[in-house]
Amino acid sequence: MLRTIVVPSEYKPMLNLRETAEAIHFSRKTFQEKLEQHLNLMQIPSPVLLQEGTGINDNLNGVERMVSFDALDMEEGQVEVVQSLAKWKRIALKTYGFQVGEGLYTVMNAIRRDEWMDNLHSIYVDQWDWEKVIAEEQRNLTTLKEEVHKIYRSIQATEQELCKQYSCLEPVLPAQIFFITTQELEYQYPDLTPKQRENEITRQYGAVFIMQVGGVMESGSVHDGRSPDYDDWTLNGDILLWYPVLEQALEVSSMGIRVDAVSLEKQLALSQTKERAALDFHQSVLNGELPFTIGGGIGQSRLCMFLLRKAHIGEVQASVWNQRTWQECQEGNIPLL
């Protein structure tokens, strides 16, 4: 049988199931408090379901199938299960009347039916989705880096407090996070795949923010797919942490300064999806009706997995798994919840 997950040699969880449950609660609560404090965010409720046809639901790379269904008392069309809230949050900032420098976050639960199951991926996604209002003149690299530093400090502080609480855990995060663009990464490792490049640069620096994800590089390839209608591809990126348990880079956050009218039109043209411009959300951006914002998602289970030194995301998340995953984890002493 072809193995689909990585099983560390002689793997043994550092925390038992009861301790794991306690540590998940502690780490989530601690990080949430740090995030509120460092980014000046307020928690608000968010939807699990959205109405189709508005353009608000995130279609990620544009090819993933959404989970949708017809509801008995809904005559207006299908209902969609959230994939992420990148666009919804921007509307919420306007609705709630947030001002420049203020932001919101919410605990998002989503279903991504087209994910392949492995150590880091589940069809169930839980993350902190956050969004903050910025001024038009703040749509620049300096603003992006400032917010990345704040998030990274929140992760560092959570790791420190968790390691004090559980003596079996030791801090592994470096003092600073390193910044590099996808094009610079391609120059540095021209013969490697994008995933191999991520592993090499993250192995070297421990914590990396890879910028400018979604656009075509000089080689004609794309480092990674990114929907054309929420991030500005020149002002976005991913936070990656080197994870010694699996000896690979672990992405914990995708974020960026959001599209304005100019970048939205450009990216819709580049991705050959100009028809989206007619949707409600896209019209709001093109007509300047929404605030300029920066935002992103931070994986809850991904971050807990990293902090608790787990080998599989199913050790910190109760989800469904195929029989192959159950069997491989049982053979590798990986206890799925």
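These numbers were taken from a predicted model, which means no experiment stands behind them. Along each chain, residue indices are assigned from 1 in the same order as the chain's sequence is written. Local features are withheld for residues below a pLDDT of 70 in this predicted model, meaning they are given only at 70 or higher, and side-chain atom pairs are given and counted only at 80 or more; totals for whole chains, interfaces and linings count all residues. Values shown for side chains rest on all heavy atoms present in the structure; no hydrogens or waters enter the calculation.

Draft legend 1. Quick peek at the sheet that holds strand E4 (residues 79–81). Any two strands are treated as partners once DSSP identifies two or more bridges connecting them. Numbering goes from the N terminus for both helices and strands, where a helix is a DSSP run of H or I of at least four residues and a strand is a run of E of at least two. Across the sheet, which stays open at both edges, the three strands sit in the order E2-E4-E3 with antiparallel pairing between neighbours. In the strand order of this sheet, the two ends are held by strand E2 (49–51) and strand E3 (68–69), each with one partner. Bridge analysis of E2 against E4 gives three bridges, and the strand direction is antiparallel. When the sheet's bridge partners are listed, Gln-51 is paired in E4 with Val-79.

Draft legend 2. Molecular detail of helix H9 (residues 323–331). Listed as buried for H9 are Thr-325, Glu-328 and Cys-329. The buried residues of H9 all sit within an arc of 100° when viewed along its axis, so they share a single face. Exposed and facing more than 90 degrees away from the buried side of H9 are Gln-323, Gln-330 and Glu-331. Just past H9, the residue Asn-333 takes up positive phi, approximately 60°. Burial here depends on accessible area, computed with a 1.4 Å probe over protein chains only, as a share of the maximum for the residue type. Under 20% is buried, over 50% is exposed, and the range in between is partly exposed. Comment: arc refers to directions from the helix axis out to C-beta atoms.

Draft legend 3. Region of interest: the packing of helix H1 (residues 17–39) against helix H8 (residues 300–307). Following both chains from N to C, one finds H1 and H8 inclined at 115°, their axes separated by 10 Å at the closest point. In this structure, H1 crosses over H8, and the sense of that crossing is right-handed. Contact residues: H1 offers Ile-24, Ser-27, Arg-28 and Phe-31, while H8 offers Gln-300, Ser-301, Leu-303, Cys-304 and Leu-307. Classification convention: Asp, Glu, Lys, Arg as charged; Ala, Val, Leu, Ile, Met, Phe, Trp, Tyr, Cys, Pro as nonpolar; all other residues, Gly among them, as polar. Among the residues making up the contact of H1 with H8, the classes are represented as five nonpolar, three polar and one charged. Throughout, an axis means a line fitted to C-alpha atoms (over the contacting stretch in the case of helices), and angles, computed between N-to-C directions, take values from 0 to 180 degrees. Should the near helix be turned anticlockwise from the far one by less than a right angle, the crossing is termed left-handed; should it be turned clockwise, right-handed. Whether two residues are in contact is decided by their heavy atoms, any of which lying within 4.5 Å being enough.

Draft legend 4. Just the sheet that holds strand E9 (residues 231–243), in detail. The eight strands lie next to each other as E1-E5-E6-E11-E10-E9-E8-E7, forming an open sheet whose pairing is mixed. At either end of the open sheet lies a strand with only one pairing partner, and these are strand E1 (41–43) and strand E7 (178–181). Averaged over all adjacent pairs, the angle separating strand axes in this sheet is 25°, with direction ignored. The pairing of strand E10 (residues 248–258) with strand E11 (residues 293–299) spans five bridges and is antiparallel. Across the sheet, the residue bridging to Ser-253 is Ile-298, located in E11. Its contacts with the sheet place H1 against E1, strand E5 (103–111), strand E6 (124–133) and E11, and it is angled at close to 15° to E6. Taken strand by strand, helix H3 (residues 141–165) contacts E6, E7, strand E8 (207–211), E9, E10 and E11, and its axis lies near 135° from that of E10.

Draft legend 5. Molecular detail of a nonpolar patch on the surface. Distance thresholds for patches are 9 Å for like charges and 5 Å for nonpolar side chains (Val, Leu, Ile, Met, Phe, Trp, Tyr), applied to residues having over 30% relative accessible area and no salt bridge. Method for areas: the Shrake-Rupley scheme with a 1.4 Å probe, in which residue coverage is limited to the protein chains shown. Take a side-chain nitrogen of Lys or Arg and a carboxyl oxygen of Asp or Glu: if they are within 4 Å of each other, that pair is a salt bridge. Together, Val-48, Leu-49 and Phe-69 make up an exposed nonpolar region whose accessible area comes to about 240 Å². Here Phe-69 shows up in strand E3.

Draft legend 6. Highlighting the pairing of E5. Here E1 pairs with E5 via three bridges, running parallel. Residue pairing for E5: Leu-41 is matched across the bridge by Gly-103. One ladder, built from nine bridges, connects E5 with E6; its direction is antiparallel. Within E6, the residue paired with Met-108 across the bridge is Gln-127.

So, to be careful, I would describe these as geometric facts and stop short of saying anything about function.
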